[in-house]
Amino acid sequence: MLLSIKERRDIGLEYVFEKLQIMTPYGEKRQGLKRIYRPEEKSELQKELEAVQLFAKELSAKAYPLHELQYEFCRVKEISGSITRAQRGATLDEVELFEIKTFSRVISELRRKSENLKLPKDFELKSLEEVTMALDPDGSGLLTFYIYDSYSENLKELRRKKKAMEEEIYRQKEEKREELFSQRAALVVEEEQEERRIRGDLSRIIATYSKDFFHNMQAIGQLDHWIAKAKLARQYPSCMPKLLDEKSIKLIEATSPMMIDLLRRDMVEFQSLDIELRGGTTVVTGANMGGKSVSLKTLLLNVLLVHLGMLPFAKEASLGLFDFIFYLGDDYEDVKSGLSSFGAEVLKLRDILKRTKKEKGLLVLDEPARGTNPKEGRAIVKGFSQYFLGGENILLLATHFDQILEPGMVHYQIRGFEGVDFEKLKDKLQFKGEKSLDLLRSQMDYRLELVSGGAEVPKDALRICALLGLDRELIETINQLL
Amino acid sequence: MLIDRIRHLRSLAIIGMDKNAGKTTVLNHLIQEAKAVGFTPTLALTSIGRDGEEKDLVTSSIKPKIYVYPGTLVATTRDLLNRCDLTKEILETTGINTPTGEVILFRAKSAGFVEIAGPSNVGGAQRVKESFLAIDPGCFYLVDGALSRKSTAGHFLTDGAILATGASSSSSMAKVVDKTITMVEIFKSPRLEEEHYEKVKASLEEARLVIFGGKITPIPVELAFTAAREAAEIIDKDSYLIAIKGVVTDSFLNSLMSGADIKGKTLVIEDATRLLIGAELWRKIKSLEMKIRVLQKIDLVALTINPFSPRGLHFDSQSFEAALSRRTDLFIYDVGRDYAT
């Protein structure tokens, strides 16, 4: 993923990550890998997505048993260090044994509670009953742990003697206690030795199950991660994507949780995105405040989510997998290297162009070269559009330069003020003052529309100027210049 | 007996004026007495505000260990667990980390010696207390508490306290008495009056320093020193109350006083352990007729004295006790003399 953390934040990917309610250290570890499935890993991705889909379905059918699993997750601790130590022949201490006992108990609870659940085919939690029994020799079922008397007669006897001694100490006067304390200390040493021997035995039992422990840690990680992803997939409309072999993308009613939540605060509904992309060049045009960037980000977010093994937020999604996904954002600035924004853009583009020669990628460029002079800027954008025309890489490019389009390129346009009664709107705006912008925004149709034929870039910019009350004479002058 | 002083409480902090004020000895006495009189609640021990035991090793004084009886609940850290020589039933690994490892809760299955340490922040202390109560709702929460100047340090979250003082604090008995009496008087500060209580409490959820006057001004605190200067600029003749969350030190109050007239105004702190100031400044506060109020009242039930200092300068036990009892009517207990049987 060729995205910086800032870009991931901008497109709303980090927002999605933060919304994942992962509960175990193993789930965290799995999510932390942020595994990107490559085109050759399509069947593995298919399995991952099906697992998430399965849990999403289970959640809608019977949420309760899944919550029961999550309750167990709360008790899961990271014990891989202890298991590795046991494998190496080390003697584990009481706290490690306690944590392993808890882990083993959680496994048996998870096994029991998941019996009636539909689980992915090869998913399995290995039984650790032998370990549970070894760590609970009296079968008390309690979740606490100590080196129980029943582990050895010797231990029992030592403790009996020690207890008698301690009672004696309590009964004795201060002066006599010193002597008894040193006798007790000798017993403590013996007890500790016996305990260490027992801990050694227990550690060896645990070591023989180390493979099953590691398997289960991974399995819990999967389960936790799947359920978290499934839960999120149910919070916002999502779908099971269709994975294609060819490099194309089709999204119907795609959304972004971040945008949905942001707009919800302002009581505005997010307008979903419909888009279809194939190898070659696709150009998005639209007015300045028309939401081109949001469309690009929504597309990127959902394509990335699929590559990450998550269900996309769309009504329908079918896409191929890419070798790389490249994004040139709307406010790219490499401050660290001290380059101007244009220079930094060029460097990024230079590197990515090299990759397009050997690999197949999705390139999303949001108004490239917008910082340069219009003449050169237009030529640069045009050059790019032609460069990718007819190729297998997908170039999606938003621009407000006109005269970019050529036969063979796909053109989407933001609907913008299509169908809006300008005279009426103008009247309304007169009374809105500061709120004019909000009103204007609410009248915009942000959806994309496929344009066929040589439609030109719309001149919504001037309309916006007029609506917001820019000097009439000035607007007239501008109009004539056009 | 000391134990008789705490029967009405559910929780207690033993607070030392100084490192070697004899806190652990007091704790041991209490445990002994509890056993002797058949004190019903299970004791649940931890320590808060200490930065590990290493420093005690440096001063190389013999640190008394705590001797507990079967059934006692103990919170300590992973590293100190090995120094507890009794049979332990591990109850919980808390996930709270300290410089000496994760805080672990166990139950004593036999009698024996323990070393205790606990979290050093408010959140951690709260969680340890909750865990104890979850294990045994009737337990008596007993904290070995060091006063700490670190603003992040926890309160002890107890309804009662014993103050331990002794010769290790200073070589001058008069100075020790002065310091101790100051602390005793601070503990006497009343709970904030009902009419202001809720709004002040709520305001401290939002900011660490809040001035109440013509309007309520929260001050975002980063450094205590600059905060005091900022506060001083805001305080005017209409300001009547200054509320502070965290530890209030000499330097903070001095810098506040040099910038603003705080005569007669009310200073609200969370509890008495948050005001860590010397005897001189305390006299100044009194002569300025400032009102010190607390959000949570801690019942100071006894003063324990340890006339011995690890540096070898001992006080005469009787004159030390006499000097203190002239200035307070609090129950005074000499850890070297009265021994519970």
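Just so you know, these numbers come straight off a predicted model, no measurement behind them. (Residues numbered from 1 in each chain as written. Chains lettered and ligands numbered in written order. Predicted model: local features only at pLDDT ≥ 70, side-chain atom pairs only at ≥ 80, totals over all residues. Heavy atoms only, no water.)

**A look at the overall build of chain B**
Thought 1: Secondary structure assignment for chain B yields ten helices and 18 strands.
Thought 2: For 341 residues, the compact-globule estimate of 2.2 N^0.38 gives 20 Å, and the C-alpha radius of gyration of chain B, at 20 Å, lies within 12% of that figure.
Thought 3: Each principal axis of the C-alpha atoms in chain B carries an extent, and together these give about 60 × 45 × 40 Å.
Thought 4: Counting every position in chain B, which comprises 341 residues, the buried fraction comes to 58%.
Thought 5: Put simply, chain B has 43 plus and 42 minus side-chain charges, and the middle of one group is 2 Å from the middle of the other. (Helix = DSSP H or I, 4+ residues; strand = E, 2+ residues; numbered from the N terminus. Rg over C-alpha atoms; globule rule 2.2 N^0.38 Å. Buried < 20%, exposed > 50% of the residue type's maximum accessible area, 1.4 Å probe, protein only. Lys, Arg positive; Asp, Glu negative; His and termini not counted. Charge placed at Lys NZ, Arg CZ, Asp CG, Glu CD.)

**Here's the deal with the confidence of the model for chain B**
All names here are of chain B.
Thought 1: A residue-level look at chain B finds 91% of positions with pLDDT of 70 or above and a mean pLDDT of 87.
Thought 2: When pLDDT is averaged over each helix and strand of chain B, the minimum, 46, is found for helix H2 (residues 54–59) and the maximum, 96, for strand S16 (residues 291–294).
Thought 3: A low-confidence stretch, residues 51–55 stays under pLDDT 50, and its non-local contacts, those more than four residues away or across chains, total seven contacts.
Thought 4: Of the two predicted TM-score estimates for the complex, the pTM is 0.83 and the ipTM is 0.82. (pLDDT = per-residue confidence, 0-100. Contact = heavy atoms within 4.5 Å.)

**Considerations on the sheet that holds strand S12 (residues 241–244) of chain B**
Residue and element names in this part refer to chain B.
Thought 1: Overall, mixed pairing links the five strands, which are arranged S11-S10-S12-S14-S16 in an open sheet. Unpaired on one side and paired on the other, strand S11 (216–219) and S16 mark the two borders of the sheet. When strand polarity is set aside, the average angle formed by the axes of neighbouring strands in this sheet is 20°.
Thought 2: Of the strand pairs in this sheet, strand S10 (residues 209–212) and S11 are connected by four bridges, and their pairing is antiparallel. From the neighbouring strand, Val210 faces S11, where its bridge partner is Pro218. (Pairing = 2+ DSSP bridges. Axes fitted to C-alpha atoms, helices over the stretch in contact; angles between N-to-C directions.)

**A few points about the domain arrangement of chain B**
Residue and element names in this part refer to chain B.
Thought 1: Along its sequence, chain B is carved into domain 1 (2–187 + 298–334) and domain 2 (194–294).
Thought 2: Spacing between the C-alpha centres of domain 1 and domain 2 amounts to 29 Å.
Thought 3: Each partner contributes to the interface: domain 1 provides 17 residues, whereas domain 2 provides 17 residues.
Thought 4: Note on domain 1 versus domain 2: buried area summed over both sides is about 1,500 Å², and carbon and sulfur give 60% of it.
Thought 5: For the pair domain 1 and domain 2, the interface holds two salt bridges.
Thought 6: Across the pair Asp178 and Arg283 runs a salt bridge, and its minimum N-O distance is 3.2 Å.
Thought 7: Here domain 1 is connected to domain 2 by three residue pairs in polar contact (both at pLDDT 80 or more).
Thought 8: Take the side of domain 1 that touches domain 2: its biggest share by element is six residues, from helix H5 (residues 173–187).
Thought 9: Partitioning the side of domain 1 that touches domain 2 into residue classes produces eight nonpolar, five polar and four charged. (Domains from an automatic or database assignment. Buried area = accessible area lost by both parts, 1.4 Å probe. Salt bridge = Lys/Arg side-chain N within 4 Å of Asp/Glu carboxyl O. Polar contact = N/O pair within 3.5 Å; in protein donor to acceptor, adjacent residues only side chain to side chain. Nonpolar A, V, L, I, M, F, W, Y, C, P; charged D, E, K, R; others polar.)

**What to know about the nonpolar core**
Thought 1: Formed by 142 residues in total, the largest nonpolar core has its most connected members in Phe103, Phe213, Ile249 and Leu299 of chain A together with Leu12 of chain B.
Thought 2: If one sorts the elements of this core by residue count, helix H11 (residues 210–235) of chain A sits on top with eleven residues.
Thought 3: When sequence neighbours within four positions are dropped, the list of residues in contact with Leu299 of chain A reads Ile249, Leu251, Leu273, Ile275, Leu277, Val364 and Leu396 of chain A.
Thought 4: Val103, Ile219, Ile242 and Phe320 of chain B belong to the second-largest nonpolar core, a separate cluster that totals 67 residues. (Core = buried A, V, L, I, M, F, W, Y, C linked by side-chain atoms within 4.5 Å.)

**Some details on unusual backbone geometry**
Residue and element names in this part refer to chain A.
Thought 1: Even without being a glycine, Glu253 presents a positive backbone phi close to 50°.
Thought 2: Given the relative accessible area of 39%, Glu253 is considered partly exposed.
Thought 3: At Glu367, a residue that is not glycine, the phi angle is positive and equals roughly 50°.
Thought 4: Note that Glu367 resides in the loop between strand S7 (361–366) and helix H15 (374–388).
Thought 5: Among the residues examined, Glu367 registers a relative accessible area of 15% and is labelled buried.

**A closer look at the pairing of S11 of chain B**
Thought 1: Residues of S11 of chain B alternate between two faces, with Thr217 and Ile219 of chain B buried on one and Ile216 and Pro218 of chain B left unburied on the opposite face.
Thought 2: The hairpin formed by S10 of chain B and S11 of chain B contains three residues between the paired strands.

**Re the interface of chain B and chain A**
Thought 1: Contact residues are listed per partner, giving 26 residues for chain B and 23 residues for chain A.
Thought 2: A combined buried area of about 1,900 Å² lies between chain B and chain A, and 51% of that area is made up of carbon and sulfur atoms.
Thought 3: Scanning the region where chain B abuts chain A turns up four salt bridges.
Thought 4: Between Glu102 of chain B and Lys77 of chain A there is a salt bridge whose closest N-O contact spans 3.5 Å.
Thought 5: One can count twelve residue pairs in polar contact (both at pLDDT 80 or more) joining chain B with chain A.
Thought 6: Taken together, the elements giving at least two residues each to the side of chain B that touches chain A come down to helix H1 (23–37), helix H3 (78–81), strand S5 (88–98), strand S6 (101–108) and strand S7 (112–114) of chain B.
Thought 7: When residues in the side of chain B that touches chain A are grouped by element, the largest group, eight residues, is from S5 of chain B.

**As for helix H3 (residues 25–32) of chain A**
Residues and elements named next belong to chain A.
Thought 1: Taken residue by residue, H3 has Tyr26, Gly27, Arg30 and Gln31 as its buried positions. Looking straight down H3, one finds that the buried residues subtend no more than 135° of arc, so they occupy a single side. Facing away from the buried side of H3 by over 90 degrees, the exposed positions are Lys29 and Gly32.
Thought 2: At its buried positions, H3 is contacted by helix H2 (13–19), helix H4 (42–61), helix H6 (80–87), helix H7 (94–113) and H11.
Thought 3: At the C-terminal side of H3, Lys34 shows a positive phi close to 45°. (Arc of directions from axis to C-beta.)

**Observations concerning the environment of Ile275 of chain A**
Thought 1: Tracing the backbone through its elements, the reader meets Ile275 of chain A in strand S3 (residues 273–277).
Thought 2: Residue class for Ile275 of chain A comes out buried when judged on its relative accessible area of 5%.

**Concerning helix H5 (residues 63–73) of chain A**
All names here are of chain A.
Thought 1: Residues of H5 that are buried: Leu66, Leu69, Gln70, Glu72 and Phe73. Looking straight down H5, one finds its buried side chains confined to an arc of 155°; they lie on one side. Exposed residues pointing more than 90 degrees away from the buried face of H5 are listed as Tyr64 and Tyr71.
Thought 2: Considering only its buried residues, H5 is in contact with H4, H7 and H11.

**Description of the pattern of salt bridges**
Thought 1: For the structure on display, the rule yields 55 salt bridges over all chains.
Thought 2: A salt bridge links Asp85 of chain B to Arg184 of chain A, with the shortest nitrogen-to-oxygen separation between them at 2.8 Å. Taken together, the positions of Asp85 of chain B in the loop between H3 and S5 and Arg184 of chain A in helix H10 (residues 174–208) put the pair across two chains.
Thought 3: Arg184 of chain A sits in the buried class, given a relative accessible area of 1%.
Thought 4: Bridged by salt links that share partners, the residues Asp149, Arg159, Lys162, Glu166, Arg184, Glu191 and Glu195 of chain A together with Asp85 of chain B form one connected network.

**Quick look at the packing of aromatic side chains**
Thought 1: The final tally for this structure, using the stated rule, is 18 aromatic pairs over all chains.
Thought 2: Between Phe315 of chain B and Phe320 of chain B, the ring centres sit 5.1 Å apart and the planes meet at 75°, which makes this aromatic pair edge-to-face. Grouping residues by exposure puts Phe315 of chain B and Phe320 of chain B together as buried.
Thought 3: Taken together, Tyr170 and Phe181 of chain A together with Tyr67, Tyr69 and Phe113 of chain B form an aromatic cluster joined through their ring pairs.
Thought 4: Its guanidinium or amino end placed over the ring of Phe331 of chain B, Arg5 of chain B lies 3.8 Å from that ring's centre, counting from NZ or CZ.
Thought 5: Lying over the aromatic face of Tyr197 of chain B, Arg191 of chain B brings its terminal NZ or CZ to 3.9 Å of the ring centre. (Phe/Tyr/Trp six-rings, centres within 6.5 Å; stacked < 30°, edge-to-face > 60°. Lys NZ or Arg CZ within 6 Å of the ring centre and 35° of its normal.)

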